[in-house]
Each structure stands twice: as structure tokens, then as C-alpha cells.
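Descriptive analysis of the structure
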Amino acid sequence: MPERYDLALDGMTLDSQLLQTADPVLRELGLSNEQAGKLLPLAQGVMQRTQESLLNHFADAAAAQKRAWAEEFAADPEIGGARRAESEHLAARGLDALGFGEGHPFRQALADSGFGNHPDMIRAFRRLGQLLSEDSGFARAHAGSASQRPVWERLYPQEAK
């Protein structure tokens, strides 16, 4: 048994804390440095498969959540169903008004993450799109008649007489 295990994997840096944890186990098994080194590729394979399995699990869960939000949106009587196309159009208008046009990274993040399917996100951007519609009561800058009087007359009307 070596005084200290000197273990390495091609192209990988091994975690020193993990090696300290493994040291007593390797000693209890009575493994030489060469024998312990033969275990590393096996451990690496187990770790890679575990990581792949976890990533697949998370990807499946995210895809299921996206589908659930899309179904919830489609079934929502306020924004989905017969109003779905209108909601999508108005939400797109709201996103455009905020500077998040087609192809913008924020818009892409909404699509990639599935949050773009979330009924409350659609509801919020739809409402913004409604406020910006031509026939809405949304007050816009420069919508009223411009005053032709100088600002000092408007600020001090008594003195302007």
C-alpha cells in the first residue's frame, strides 16, 4: 500500500477533497496505487451516466412544465380558446413595445424556458398590448393639444396679465 495515493485521469483534474474521502476506503481494501487507478475510469463512467440521467430527468421535467403551461393557456377562458390568436397577437405587440421584438434574446429566453407559455406572462403582455392598441384609453405623450403659450405664462398666469 502506498503512503499516499497518486491518482490521475487523462484530461481531468481530480477533486482533492474527494480523494481524501476515498483514501481510507482504498486503504481498507488494501489496494495498491495501480489497483486504485484502475477503479477511476469505472467511477468516471458511473458519474457520467448519473449526470446524463439527471440532465435527462431535468429536461423531461422542463418539457412537461412547458406543455402544462401551454395547455393551461389554451384552456383559459379569458386568454385562450377562441381568444388565443388575439392573445398571442396582443402579447407580441406588448413585447415589441418594450423593445423585445422577434429574435430578441429575452423573447428567445421566454420560448426556450417555457415561460412564454405561462398564462400569467401571456396575460401581462396581452394587457400591455391592449393598452397600446389604437382604440384604447391609454394616455399617450403628446396626445392632448399642445399649448402655444410660453411656459412662463403657464407657470405664472397672474403675472402674465
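Use the structure listed above.
Described in the following lines is the structure provided in the data block. Every chain is numbered independently, its residues counted from 1 as its sequence is written. Given that this is a predicted model, residues contribute local features only at a pLDDT of at least 70 and side-chain atom pairs are listed and counted only at 80 or more, while totals for whole chains, interfaces and linings are drawn from all residues. Note that water and hydrogens are dropped before the side-chain values are worked out from all heavy atoms of the structure.

1. Quick look at the overall build of the protein chain
Just so we agree on the cut-off: Helix and strand labels come from DSSP, where a helix needs a run of H or I of at least four residues and a strand needs a run of E of at least two; each type is numbered from the N terminus. Radius of gyration here uses only the C-alpha atoms, and the compact-globule reference equals 2.2 Å multiplied by the residue count raised to the power 0.38. Each residue's exposure class comes from its accessible area (1.4 Å probe, protein chains only) as a fraction of the maximum for that residue type: buried when under 20%, exposed when over 50%, partly exposed otherwise. The contact criterion used throughout is that any non-hydrogen atoms of two residues lie within 4.5 Å. Method for areas: the Shrake-Rupley scheme with a 1.4 Å probe, in which residue coverage is limited to the protein chains shown. In this tally, Lys and Arg are treated as positive and Asp and Glu as negative; His is ignored, and so are the chain termini. By convention, the charge on Lys lies at NZ, on Arg at CZ, on Asp at CG and on Glu at CD.
Counting its secondary structure elements, the protein chain contains 6 helices and 0 strands. The C-alpha radius of gyration of the protein chain comes to 32 Å, more than 25% above the 15 Å expected for a compact globule of 161 residues. When its C-alpha atoms are laid out on the principal axes, the protein chain stretches across 105 × 50 × 25 Å. In the protein chain, buried positions account for 17% of the 161 residues. Across the protein chain, the fraction of contacts at a sequence separation of at least 24, relative to all contacts at a separation of at least 6, is 58%. Summed over its atoms, the accessible surface of the protein chain is roughly 12100 Å², and 55% of this surface lies on carbon and sulfur atoms. In the protein chain, 17 side chains carry a positive charge and 23 a negative one; their mean positions are 10 Å apart.

2. Brief notes about helix 1 (residues 16-28)
Just so we agree on the cut-off: Residue count minus one, scaled by 1.5 Å, sets the expected span of a helix. Note that bend, as reported per residue, equals the angle between axes fitted to the 7 residues terminating at that residue and the 7 residues originating from it. Counted as a polar contact is a pair of N or O atoms within 3.5 Å, where, for protein atoms, one must be capable of donating a hydrogen and the other of accepting one, and residues adjacent in sequence contribute only when both atoms are in side chains.
Here helix 1 spans 19 Å end to end across 13 residues, near enough to the 18 Å set by a 1.5 Å rise per residue. The largest bend in helix 1 comes to about 30°, at A22, with the proline P24 one to four residues further on. Between a side-chain oxygen at the N-terminus of helix 1 and the backbone nitrogen of Q17 the separation is 3.1 Å; the capping residue is D15. Following helix 1 by one or two positions, G30 adopts a phi angle in the positive range, close to 70°.

3. Quick look at the packing of helix 3 (residues 84-97) against helix 5 (residues 119-131)
Going by this rule: Orientation is described by lines fitted to C-alpha atoms, with helices fitted over the stretch in contact, and by angles between N-to-C directions that extend from 0 to 180 degrees. Any angle that is under 35 degrees is reported as roughly parallel, and any over 145 degrees as roughly antiparallel; angles of 65 to 115 degrees are reported as roughly perpendicular and all others as oblique. All residues other than Ala, Val, Leu, Ile, Met, Phe, Trp, Tyr, Cys, Pro, Asp, Glu, Lys and Arg, Gly among them, are scored as polar; the first ten of these are nonpolar and the last four charged.
Their axes nearest at 7 Å, the elements helix 3 and helix 5 cross at an angle of 75°. Relative to helix 5, the element helix 3 lies roughly perpendicular. Residues E86, S87, L90, A91, R93, G94 and L95 of helix 3 lie in contact with helix 5, whose contacting residues are I122, F125, R126, L128, G129 and Q130. Tallied by class, residues from the contact of helix 3 with helix 5 come to 6 nonpolar, 4 polar and 3 charged.

4. Here's the deal with the nonpolar core
Put simply, the rule reads: Side-chain atoms within 4.5 Å link the members of a nonpolar core, which is a set of buried Ala, Val, Leu, Ile, Met, Phe, Trp, Tyr and Cys residues.
Listed in full, the 7 residues of the largest apolar core are Y5, L7, L9, L26, L31, A36 and L40. In this structure Y5 touches D23, L26, R27, L31, S32, N33 and A36, once residues within four positions along its chain are discounted.

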